[in-house]
Amino acid sequence: MTYLARRLGWSIITAWTVVSITFALNELLPGDPARMVAGLQARPADVARIRDRLGLDKPPIVRYARFWQRLVHLGRRPIDRSDPAHATCAIVVAVGPRALHVDFGKSFQMGLPVVDLVSTRLPRTVALGLAAVAVQLVLGASIGTAAALRPGSAVDRLLVGASLLGVSAPTFLIAIVLQTLFARGLRWLPFDGFGATLGEHARCLVLPALTLGIYGAAYYTRLIRDEMLVLMRLDWIRTARAKGAPVWRVVIVHAFRNALVPILTAAGLDLGALLGGAVVTETVFRWPGLGELSVRAALDRDGPVLCASVIAASLAVVATNLAVDLAYSRLDPRIIARRARDSR
Amino acid sequence: MAGVCAVCAVSALGSLPLGCNQAAPAPIPGDSNEDAPARRGGILHLASFQDIRNLDPAGPSDGLSAEPQHLLFAGLVDFDDRGYLVADLADHWEIADGGRTYRFVLRQGVTMHDGSELVADDVKRSVERALHRTTPNPNASYFAGITGYRAFASDLTDHLAGVSVEGRYIVSFHLDEPDATFLPMMTMHTLRPVCRSAGDRYRDDWTPCGAGPFKFAEWQPGTLLRLVRHDAYFRPGLPFLDGVEWSFNMQLVAQRFRFSEGELDVLRDLTQSDQRRFAADARWKRLAGVDADKRVYGESMNTRMAPFDNVEVRRAVAAAIDREHYRLLAPGYMTVLTQLIPPGVPGYDANVAGQRYDYAAALEHMRKAGYPYDPATGQGGWPTPIVYPLYDRGLLVFTAQLLQEQLARIGLRIELRLMSWQAFLTLQERPGAAALSQGAWEMDYPDPSSFFDPLFTTGAIPEAGHNVAFYSNGRVDHLVAEAHRELDPERRRDLYREADTILCDEAPWAFAYGYHRFYVRQPYVRDLTPHPVWPLEATRAWIDRVSDAGFARLLRGAIR
């Protein structure tokens, strides 16, 4: 419990630091967000009026203070969006008629509440991230294990060579190859997009998830192969074999389970990064996720969207790391004992 | 609005790989003969590599938003398909008080998308909503000449005194002084009437509703926009299409693929190699076209910074640029431009003596400036390198390199400095910061004043406009102001001709090239011709493919 509380405390500090740096960078970079809204050819008088409307006429320190004051606050449940003080809020936790609100303000560019934009985009990015990590793990585990079972063989060399190719190929190249093959050639899957129904969403998800999956699988292939090579030579594996355990049981139950801790660590980091948005893949496949939104916000100097994207991404990283930490204890009880010893 | 588009136009072209060496796909024929009458039905599918930001005509806009806005909102006046200013929602108009009053008599029985009838009160309410202080309208100050604008914009009054309702169908605009640009500016989308649901003041969450040929159906930001036919449109029988659909953020390769499959009906974002392929293919010749030249690009010289404070150096630059070399960078998109006004803008005057490439004259101007340069020895010229800021957007990087090579031949050494777009804008507008930089401008409203006023008048020097050459000439100021007031078209043209001639001679910019978009349509898309002013006019377009409705439904999922 103490460990969990400490991790949560650090998570808040991490999020605060990252957002403060983003806020500062957004202020220090050249360019005027109001000008980006008004357009390059807008007259200065019109730009000034838009600057006032966006609240950019106030000093940065005032805006920074207001941002944090508004970010998490107490309010009513349900939210009355006609009330200007809560027009851009969303509920995080509700207790009776009271609720904890989160409020990132309005997007400068789109004029929409940022919580609505992020809450629409985040599930899509989560779906893509989870699907991509699943593909990475399934491909990486299968190929890596197959290679480890015949070290030095032609199969091993072929699989390791293929993994080198996968890790060297940029995602946009993998994306184009997959689009050409599965969308244009075989016509099995949509070229890009998001779709309108759940079935269409699923079909549209396949190619971007495969793109990220193939790219990441190469790394897992090598990681799992190396782990399995070491494990398969250990005494207790030899003992299991000597006792007549079938090969699949030796590989999966005895060896692979013990290789999971480093794999889980890498997968947790990967998932955290993917939840921040896989910008290139989302762009190539027109997958309307958080990555595409945050890049556009950075280019357009859309401060509220940028800060919200950064918070979402940093919380995703923190949450996945926390989940991985908690999963360790399931996989290897010695870790709990070590933590308990360290905390004493 | 247009500025973003002017930048995007050239960036789209240079930002993608040139594509593989494939033949252009086969056109998909229509069901009927060429002379078949138009018929109703079908969805027009379009795509863009960009996204739109807003559909409210009073709000911030961009080049692409203008397409749906034009179909959603009709104006009191508009430009027809030959470029003539005509009445649209207005039945007719009268000019009174020596050009200070414009009285519009509305058509009766115009039904808006919400079913209500358009009346004069709606016009006044829409204008006040668009020009109110709290509205993020980037074009509001264009209408500062309407009587009472300043008081209204400062929130001193609740209503705009210069717009008066004189009957159920009569609305008058009163101006502080005669303004020949008023009618062209009224064609802009920003003041077009909106439904009563829009209210008196701008709201971000309003669902677009106007009196245009199409009405709003669905918008998924970043992905898709769908408009459907407004069956009660005031022009009987129009539009023919059931709807128009845009897909956004679509890569150029994906667009080409979908176009070849018939899932996109018009291809407008092409790689250079695709453009060449389609343009060279006889099957696509009559199906390809370009939109009007409404953009000017040139090299802007800061007239307050050495060496460009010397008019002879500026003349040397204008004479040293071989514009044909620029054009050859993207021959399907770029045109040689020797004067300020591009040929696609109403008021373009072919008789203006523009800037011309003349290497010998350029060397002579350098000599007159006091910096003689000897091409044989490479000696002389301006002694120190001149920093040329640029941002990494497609063609601009190539034109900058070309400029560097051409100016080196007259003794001006250019040092290219790459930076972000925002940094570039900031630097360009800061006094004494950028001696030489690229200038770009796109028509905001169809009139020469859309170029002269913001770019070359003293009042537009960066604190108040976009005169990044910091150019000031009393005669030009006088001519432009006079042309603003002058209602006689002939006299007005003479005034602009003289102003343009002065600019070409004194060269605050070396005008270099214009830019237009290339497009190809499938043969079954009929009567979709480029409009001289607007990026998309689909009121009379129709789909000659009976199976289109079912086909579109079948493929809709894939297109998204």
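Small disclaimer: the values here were computed from a predicted structure and weren't measured.

### Examining the overall build of chain A
- Across its full length, chain A holds 14 helices and three strands.
- Reported as C-alpha extents along the three principal axes, the dimensions of chain A are approximately 80 × 60 × 40 Å.
- Counting over 344 residues, chain A shows a buried share of 40%.
- A separation threshold of at least 6 residues defines the contact pool for chain A, and within that pool the share at least 24 residues apart is 66%.

### Some points on the overall build of chain B
- Regarding its fold elements, chain B presents 16 helices and 23 strands.
- Once the C-alpha set of chain B is aligned to its principal axes, its extents read approximately 75 × 60 × 40 Å.
- Across the 560 residues of chain B, 54% fall into the buried class.
- For chain B, the proportion of contacts with a sequence separation of at least 24, taken over those separated by at least 6, is 72%.

### Some remarks on the domain arrangement of chain A
Residue and element names in this part refer to chain A.
- Assigned domains of chain A: these are domain 1 (35–103) and domain 2 (114–343).
- Taking the mean C-alpha position of each, domain 1 and domain 2 sit 36 Å from one another.
- With six residues of domain 1 at the contact, the number on the domain 2 side is five residues.
- Elements supplying a minimum of two residues to the side of domain 1 that touches domain 2: strand S2 (89–95) and strand S3 (98–103).
- Split by residue class, the side of domain 1 that touches domain 2 holds four nonpolar, one polar and one charged.

### Digging into the sheet that holds S3(A)
All names here are of chain A.
- Taken together, the three strands give an open sheet; going across it, the order is S1-S3-S2, and neighbouring strands pair in antiparallel fashion. The sheet terminates laterally at strand S1 (72–76) and S2, the two strands that pair on one side only. Across the sheet, the axes of successive neighbouring strands diverge by a mean angle of 35 degrees, strand direction being ignored.
- Sheet analysis places S1 next to S3, joined by five bridges and oriented antiparallel. Its bridge partner being in S3, leucine 74 is matched across the sheet by leucine 100.

### Thoughts on the packing of helix H1 (residues 2–28) of chain A against helix H13 (residues 303–331) of chain A
Residue and element names in this part refer to chain A.
- Two elements in contact, H1 and H13, have axes separated by 9 Å at closest approach and are oriented at 155 degrees. The orientation of H1 with respect to H13, classified from their angle, is roughly antiparallel. H13 is crossed by H1, and the crossing has right-handed handedness. Contacts between H1 and H13 pair Arg7, Ser11, Thr14, Ala15, Val18, Val19, Thr22, Phe23 and Asn26 from the former with Gly303, Leu306, Cys307, Val310, Ile311, Ser314, Leu315, Val318 and Leu322 from the latter.
- Of the residues that constitute the contact of H1 with H13, the class distribution is eleven nonpolar, six polar and one charged.

### Considering the confidence of the model for chain B
All names here are of chain B.
- Per-residue confidence for chain B averages 91 on the pLDDT scale, and 94% of its residues sit at or above 70.
- Predicted confidence is poor over residues 1–20, with pLDDT under 50, and the contacts of this stretch with residues over four places away or in other chains come to 66 contacts.
- Note that residues 548–560 has pLDDT below 50 and, in this model, 24 contacts with residues that lie over four places away or in other chains.
- Predicted complex, confidence summary: ipTM 0.83, pTM 0.86.

### Brief notes about the nonpolar core
- B:Leu44, B:Leu131, B:Leu241, B:Val317 and B:Ile410 are the most contacted members of the largest nonpolar core, which totals 216 residues.
- In terms of residue count, the dominant contributor to this core is helix H5 (residues 114–149) of chain A (15 residues).
- Here B:Ile410 is in contact with B:Ala316, B:Ala320, B:Ala362, B:Leu363, B:Met366, B:Tyr373 and B:Gly381, once residues within four sequence places are set aside.
- If you look at the next biggest cluster of nonpolar residues, it comprises seven residues, including A:Ala34, A:Ala42, A:Ile50 and A:Phe108.

### Some remarks on the interface of chain B and chain A
- Taken together, the contact pairs 43 residues of chain B with 35 residues of chain A.
- Only helix H1 (2–14), helix H6 (252–261), helix H12 (421–429) and helix H16 (548–559) of chain B provide two or more residues apiece to the side of chain B that touches chain A.
- Classifying every residue of the side of chain B that touches chain A gives 19 nonpolar, 16 polar and eight charged.

### Re H12(B)
All names here are of chain B.
- Every buried residue of H12 is accounted for by Phe424, Leu425 and Glu429. The arc that holds every buried residue of H12, seen down its axis, measures 115 degrees, which confines them to one face.
- Tucked into the core, H12 has its buried residues touching strand S17 (386–391) and strand S18 (414–419).

### Examining the pairing of strand S1 (residues 43–47) of chain B
Residues and elements named next belong to chain B.
- Within S1, five of the five residues are buried, leaving the element largely enclosed by the surrounding structure.
- Alternating residues of S1 divide into Ile43, His45 and Ala47 and Leu44 and Leu46, and every residue in both groups is buried.
- Bridge count for S1 against strand S10 (residues 243–247) is five bridges, and the pairing is parallel. Within the sheet, the bridge partner assigned to leucine 44 lies in S10 and is valine 244.

### Concerning the sheet that holds strand S21 (residues 518–521) of chain B
All names here are of chain B.
- Strand order across the open sheet formed by three strands is S11-S21-S12, with antiparallel pairing between neighbours. With one partner strand each, in any of the chains shown, strand S11 (266–267) and strand S12 (288–290) form the two edges of the open sheet.
- As paired strands, S11 and S21 are joined by two bridges and run antiparallel to one another. Paired with leucine 267 across the strands is valine 520, a residue of S21.

### Focus on the domain arrangement of chain B
Residue and element names in this part refer to chain B.
- Structurally, chain B comprises domain 1 (32–55 + 212–291 + 520–558), domain 2 (74–198) and domain 3 (293–515).
- Averaged C-alpha coordinates put domain 2 and domain 3 at centres separated by 35 Å.
- Taken together, the twelve residues of domain 2 in the interface contact ten residues of domain 3.
- The residue inventory of the side of domain 2 that touches domain 3, partitioned by class, reads six nonpolar, four polar and two charged.

### What to know about the packing of helix H8 (residues 198–231) of chain A against helix H10 (residues 247–275) of chain A
Residues and elements named next belong to chain A.
- Orientation of H8 relative to H10, taken along the N-to-C sense of each, is 155 degrees, at an axis distance of 9 Å. Our classification of the angle between H8 and H10 gives roughly antiparallel. H8 and H10 meet at a crossing whose hand is right-handed. Contact residues: H8 offers Leu212, Gly216, Tyr220, Leu223, Ile224, Glu227, Met228 and Leu231, while H10 offers Ala255, Asn258, Ala259, Pro262, Ile263, Ala266, Asp270 and Leu274.
- The class makeup of the residues in the contact of H8 with H10 is twelve nonpolar, two polar and two charged.

Cut-off values and rules
Residues numbered from 1 in each chain as written. Chains lettered and ligands numbered in written order. Predicted model: local features only at pLDDT ≥ 70, side-chain atom pairs only at ≥ 80, totals over all residues. Helix = DSSP H or I, 4+ residues; strand = E, 2+ residues; numbered from the N terminus. Buried ≥ 20, exposed ≤ 12 C-beta atoms within 10 Å, placed from the backbone. Contact = placed C-beta atoms within 7 Å. Domains from an automatic or database assignment. Nonpolar A, V, L, I, M, F, W, Y, C, P; charged D, E, K, R; others polar. Pairing = 2+ DSSP bridges. Axes fitted to C-alpha atoms, helices over the stretch in contact; angles between N-to-C directions. Parallel < 35°, antiparallel > 145°, perpendicular 65-115°, else oblique. Left-handed = near helix turned anticlockwise from the far one by under 90°. pLDDT = per-residue confidence, 0-100. Core = buried A, V, L, I, M, F, W, Y, C linked by C-beta atoms within 7 Å. Arc of directions from axis to C-beta.

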